[in-house]
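For reference, the chains in residue letters:
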Amino acid sequence: MDKQRFARAIAALHEYYGKGVSEAVVELYWQGLYQYTNDQLETAVMRHIQNPDNGQWMPEVSDLVKMMAGSTQDAALTAWNKVERAISGVGTHRSVAFDDPIIHVVLEDLGGWIDLGATPEKELPFVRKRFEEIYRSYKARQEIPPHKPYLIGKSEAQNNNSGFRSDPPKLVGDPEMAKAVLEGGSDKPRIGISVAETVVKALEKKYDDSIPF
């Protein structure tokens with residue numbers, strides 16, 4: 001999303017409702033909406049203005065998200081459909097970058113892209129249900145969780161072990177949004193190892209100190 005175009009849209013929205021706007025307010029909207037496209041945002045703004053039920057009120061970030069993404073259930077179904085299409089169209093032998101970072105997070109929680117490809121067909125309905133449950137939980141937070149730049153496929157995993165180079169990940173969904181997910185991701189673990197080690201050492205010291213001999 002182009003941030004200058006985004007800022008103009010938010011400023012125009014505030015002016016329409018007779019509200020003042022500051023850089024801090026624009027930044028708050030940006031943090032909640034930057035994962036969408038400018039066209040999606042501008043369409044959502046127009047739809048809200050024209051809404052006869054609540055169009056008289058200044059929309060908050062959550063109002064615009066709902067306009068663009070629908071309910072969390074709708075979003076989860078859309079996300080799973082993308083995953084299914086990627087499994088059949090790309091395959092888990094290839095590394096992939098989806099246009100939705102939450103998909104990366106959920107699939108990592110479920111064991112990863114490679115493990116998904118090894119799931120027996122009869123178990124996929126259960127995986128789908130679990131995927132949707134976890135996805136909705138993340139989606140309801142209305143924030144972008146830390147996520148991997150892309151999901152490693154079987155070929156890249158084998159090449160890494162053998163010291164060979166791999167093709168870049170296949171972009172799934174909207175190419176520009178998938179690139180944004182790729183660029184905004186991190187390979188750092190969501191819970192730092194150093195933090196875990198510090199906690200473990202502190203607990204060990206606590207119990208060592210409590211031994212009376």
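Not measured: the values here are computed from a predicted model. (Residues numbered from 1 in each chain as written. Predicted model: local features only at pLDDT ≥ 70, side-chain atom pairs only at ≥ 80, totals over all residues. Heavy atoms only, no water.)

A. Structural context of the overall build of the protein. Check the secondary structure of the protein and you find eleven helices and two strands. Its helices and strands taken in sequence order, the protein reads α-α-α-α-α-β-α-α-α-α-β-α-α from the N to the C terminus. Accessible surface, the protein: about 13,400 Å² in total, of which carbon and sulfur atoms supply 52%. (Helix = DSSP H or I, 4+ residues; strand = E, 2+ residues; numbered from the N terminus. Areas by Shrake-Rupley, 256 points an atom, 1.4 Å probe, with all protein chains shown as cover.)

B. Representation of helix α6 (residues 101-109) within the structure. Counting buried residues in α6 gives seven out of nine residues, a clear majority hidden from the surface. Pro101, Ile102, Ile103, His104, Val105, Val106 and Leu107 are the residues of α6 that are buried. Buried residues along α6 sit against α5 (72-89), β1 (96-98), α7 (113-117), α8 (124-140) and α10 (175-184). Its side-chain oxygen placed 2.9 Å from the backbone nitrogen of Ile102, Asp100 serves as the N-cap of α6. Just downstream of α6, Gly111 is the residue with a positive phi angle, here 120 degrees. (Buried < 20%, exposed > 50% of the residue type's maximum accessible area, 1.4 Å probe, protein only. Contact = heavy atoms within 4.5 Å. Polar contact = N/O pair within 3.5 Å; in protein donor to acceptor, adjacent residues only side chain to side chain.)

C. Representation of the environment of Lys66 in the model. Its location among the elements puts Lys66 in helix α4 (residues 61-69). Here Lys66 falls in the exposed class, since its relative accessible area comes to 61%.

D. A look at the layout of surface pockets. Its volume calculated, the largest pocket comes out at about 760 Å³. Considering the residues around the largest pocket, the lining is formed by 35 residues, among which Gln35, Tyr36, Asp99, Pro101 and Met177 are closest to the centre. Of all the elements in the fold, those that place two or more residues in the lining of the largest pocket are α2 (23-33), α4, α5, α6, α8 and α10. Class assignment for the residues of the lining of the largest pocket results in 18 nonpolar, eight polar and nine charged. (1 Å grid on protein atoms, 1.4 Å probe; cavity = no way out; pocket = protein on both sides within 12 Å on 5 of 7 lines; lining within 4 Å. Points joined across faces, edges and corners; volume = space filled by probe spheres on them. Nonpolar A, V, L, I, M, F, W, Y, C, P; charged D, E, K, R; others polar.)

E. Representation of the pattern of salt bridges in the model. Applying the stated criterion across every chain, the model contains seven salt bridges. Residue Asp39 pairs with Arg5 through a salt bridge whose shortest N-O separation is 2.6 Å. Placement of the pair is Asp39 in helix α3 (residues 38-49) and Arg5 in helix α1 (residues 3-16), with a sequence separation of 34 residues. A relative accessible area of 49% places Asp39 in the partly exposed class. Residue class for Arg5 comes out partly exposed when judged on its relative accessible area of 29%. Of the charged contacts, one joins Glu133 and Arg130 as a salt bridge, the two residues approaching to 3.3 Å between their closest N and O atoms. Taken together, the positions of Glu133 and Arg130, both in helix α8 and three residues apart, correspond to about one turn of that helix. Through salt bridges with shared partners, a single network forms among Arg5, Asp39 and Glu42. (Salt bridge = Lys/Arg side-chain N within 4 Å of Asp/Glu carboxyl O.)

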